[in-house]
Amino acid sequence: MKRGWYVLALVAAFALVATQPASAQMGMDMFKRPAITKVFHPVVGRGAAYLSTDKDGKTRNSEISIVGKDSVDGKDGFWMEFVADDHNGKPVVGKALITLGDFQFHRMIVQPAGQQAMELPGGAMSMAEPGKAKMEEFSNDWNSVGTETITVPAGTFSCEHWRNNKNNADSWTSDKITPLGLVKETHSGGGMVLIKVLDNATDRITGPVKQFDMQQMMQQLQQHQPKPQS
């Protein structure tokens with residue numbers, strides 16, 4: 001459960017976050033939860049803030065929220081935004097337009113700290129197809145072990161407890177938490193916990209949005225790589 005995201009296209013969109021140690025990423029394989037279309041219940045303006053802890057005790061804050069709504073081919077689409085600090089403590093923001101029901105990604109925008117926002121080309125979405133197959137395979141490793149009431153910094157919640165014996169991991173989800181239901185997770189690389197429910201989330205993408213430039217992204221990745229210790 002160390003390595004990232006369900007959708008491979010978001011690896012590019014949130015590439016600056018992915019340069020961090022995998023255990024410091026905020027439990028990004030929450031996208032691989034069982035029945036993701038069941039727990040995905042977007043509400044504009046609502047979200048969740050998390051604290052992740054790696055196996056060495058290092059922590060990182062991050063947020064996932066719904067910041068807008070658009071129509072996609074007659075379907076309701078929601079902008080899900082992810083915010084996390086890079087290794088310099090500066091926020092990296094990315095958002096994806098996702099349709100309700102099928103959890104399909106239609107547009108993706110990323111804004112590294114101090115940089116202009118960029119939209120990924122439509123072809124990037126095709127990168128998600130292998131990820132979907134892996135998600136389905138991964139989901140078979142998860143089993144519901146019942147309902148439990150757990151207390152986290154954000155409060156007390158009645159949750160469904162999921163267990164992955166293959167990876168020695170546990171996840172607790174609640175339909176009260178927007179947008180992905182996650183309340184707590186533990187795994188061999190650390191874990192993450194809900195610290196705050198967000199009720200007034202706003203879009204943190206600022207300024208004009210330009211088309212994705214692969215060369216510029218690679219330069220930014222190099223700039224944000226941790227410097228080797230002497």
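Peer 1: Explain the packing of aromatic side chains to me, please; I cannot follow it from the model alone.
Peer 2: Two aromatic rings, taken as a pair, are described by how far apart their centres are and by the angle between their planes. Applying the stated criterion across every chain yields a total of 0 aromatic pairs. Lying across the ring of tryptophan 79, lysine 95 places its NZ or CZ 4.7 Å from the centre. Between the NZ or CZ atom of lysine 184 and the centre of the ring of tryptophan 172, over which it lies, the distance is 5.3 Å.

Peer 1: Would you mind showing me how to read the side chain of threonine 99 here?
Peer 2: Its place among the elements puts threonine 99 in strand 4 (residues 91–99). Take threonine 99: its relative accessible area is 0%, and that puts it in the buried class.

Peer 1: Quick question: what am I supposed to make of the pattern of salt bridges here?
Peer 2: If the charged atoms of two oppositely charged side chains come close together, the side chains can form a pair. Evaluation of the coordinates by the stated rule reveals 6 salt bridges. Close ionic contact of lysine 95 with aspartate 203 constitutes a salt bridge, the shortest N to O distance being 2.6 Å. Of the two residues, lysine 95 is situated in strand 4 and aspartate 203 in the loop between strand 11 (190–198) and strand 12 (209–211); the sequence distance between them amounts to 108 residues. A relative accessible area of 10% means that lysine 95 is categorised as buried. The residue arginine 163 makes a salt bridge to aspartate 170 at a minimum N-O spacing of 2.3 Å. The exposure class assigned to arginine 163 is partly exposed, which follows from its relative accessible area of 21%.

Peer 1: Would you explain the sheet that holds strand 4 in this entry?
Peer 2: By way of backbone hydrogen bonds, the strands of a sheet pair with one another, either parallel or antiparallel. Taken in spatial order, the 12 strands make up an open sheet running 7-8-9-10-11-1-2-3-4-5-6-12, and their pairing is mixed. If you trace the sheet from one side to the other, it starts and ends with strand 7 (143–152) and strand 12, each paired once. Within this sheet the neighbouring strands show an average axis-to-axis angle of 25 degrees, counted without direction. As judged from the 4 bridges shared by strand 10 (residues 182–187) and strand 11, these two strands associate in the antiparallel manner. Of the residues in strand 11, the one forming a bridge with histidine 187 is glycine 190.

Peer 1: It is not clear to me how the pairing of strand 8 (residues 155–164) should be interpreted in this structure. Could you clarify?
Peer 2: Both strand 7 and strand 8 contribute to a ladder of 8 bridges, which runs antiparallel. When the bridges of strand 8 are listed, glutamate 148 appears paired with cysteine 159. The hairpin turn running from strand 7 into strand 8, its antiparallel successor, is 2 residues long. The antiparallel pairing of strand 8 with strand 9 (residues 169–173) creates a hairpin that spans 4 residues between the two strands, and asparagine 168 there sits at a positive phi of about 55 degrees.

Peer 1: Just checking my understanding: could you explain unusual backbone geometry for this structure?
Peer 2: Backbone geometry follows two general trends: most residues other than glycine have a negative phi, and most peptide bonds adopt the trans configuration. Of note, the bond from threonine 178 into proline 179 is cis; its omega dihedral lies within 30 degrees of zero at 5 degrees. Summarising the element assignment, proline 179 is placed in the loop between strand 9 and strand 10. Positive phi, normally seen in glycine, also occurs at asparagine 168, with a value near 55 degrees. Topologically, asparagine 168 is positioned in the loop between strand 8 and strand 9.

Peer 1: Explain the environment of lysine 58 here, please?
Peer 2: By the element assignment, lysine 58 lies in the loop between strand 1 (47–54) and strand 2 (59–72). Classification of lysine 58 by relative accessible area gives exposed; the value is 59%. Contact partners of lysine 58, with chain neighbours within four places excluded, come to Ser52 and Thr53.

Peer 1: I tried to follow the confidence of the model for the protein on my own but got confused; where do I start?
Peer 2: Put simply, the protein has an average pLDDT of 75, and 67% of its residues get 70 or more. At the level of individual helices and strands, the protein shows its lowest average pLDDT in helix 2 (residues 15–18), which scores 36, and its highest in strand 11, which scores 94. Every residue in residues 1–35 is under pLDDT 50, and counting partners more than four places away or in other chains gives 120 contacts. Scored below 50 in pLDDT, residues 128–135 shows 11 contacts in the model against residues more than four places distant or in partner chains.

Reading guide: rules and limits
- Residues numbered from 1 in each chain as written.
- Predicted model: local features only at pLDDT ≥ 70, side-chain atom pairs only at ≥ 80, totals over all residues.
- Heavy atoms only, no water.
- Phe/Tyr/Trp six-rings, centres within 6.5 Å; stacked < 30°, edge-to-face > 60°.
- Lys NZ or Arg CZ within 6 Å of the ring centre and 35° of its normal.
- Helix = DSSP H or I, 4+ residues; strand = E, 2+ residues; numbered from the N terminus.
- Buried < 20%, exposed > 50% of the residue type's maximum accessible area, 1.4 Å probe, protein only.
- Salt bridge = Lys/Arg side-chain N within 4 Å of Asp/Glu carboxyl O.
- Pairing = 2+ DSSP bridges.
- Axes fitted to C-alpha atoms, helices over the stretch in contact; angles between N-to-C directions.
- Contact = heavy atoms within 4.5 Å.
- pLDDT = per-residue confidence, 0-100.

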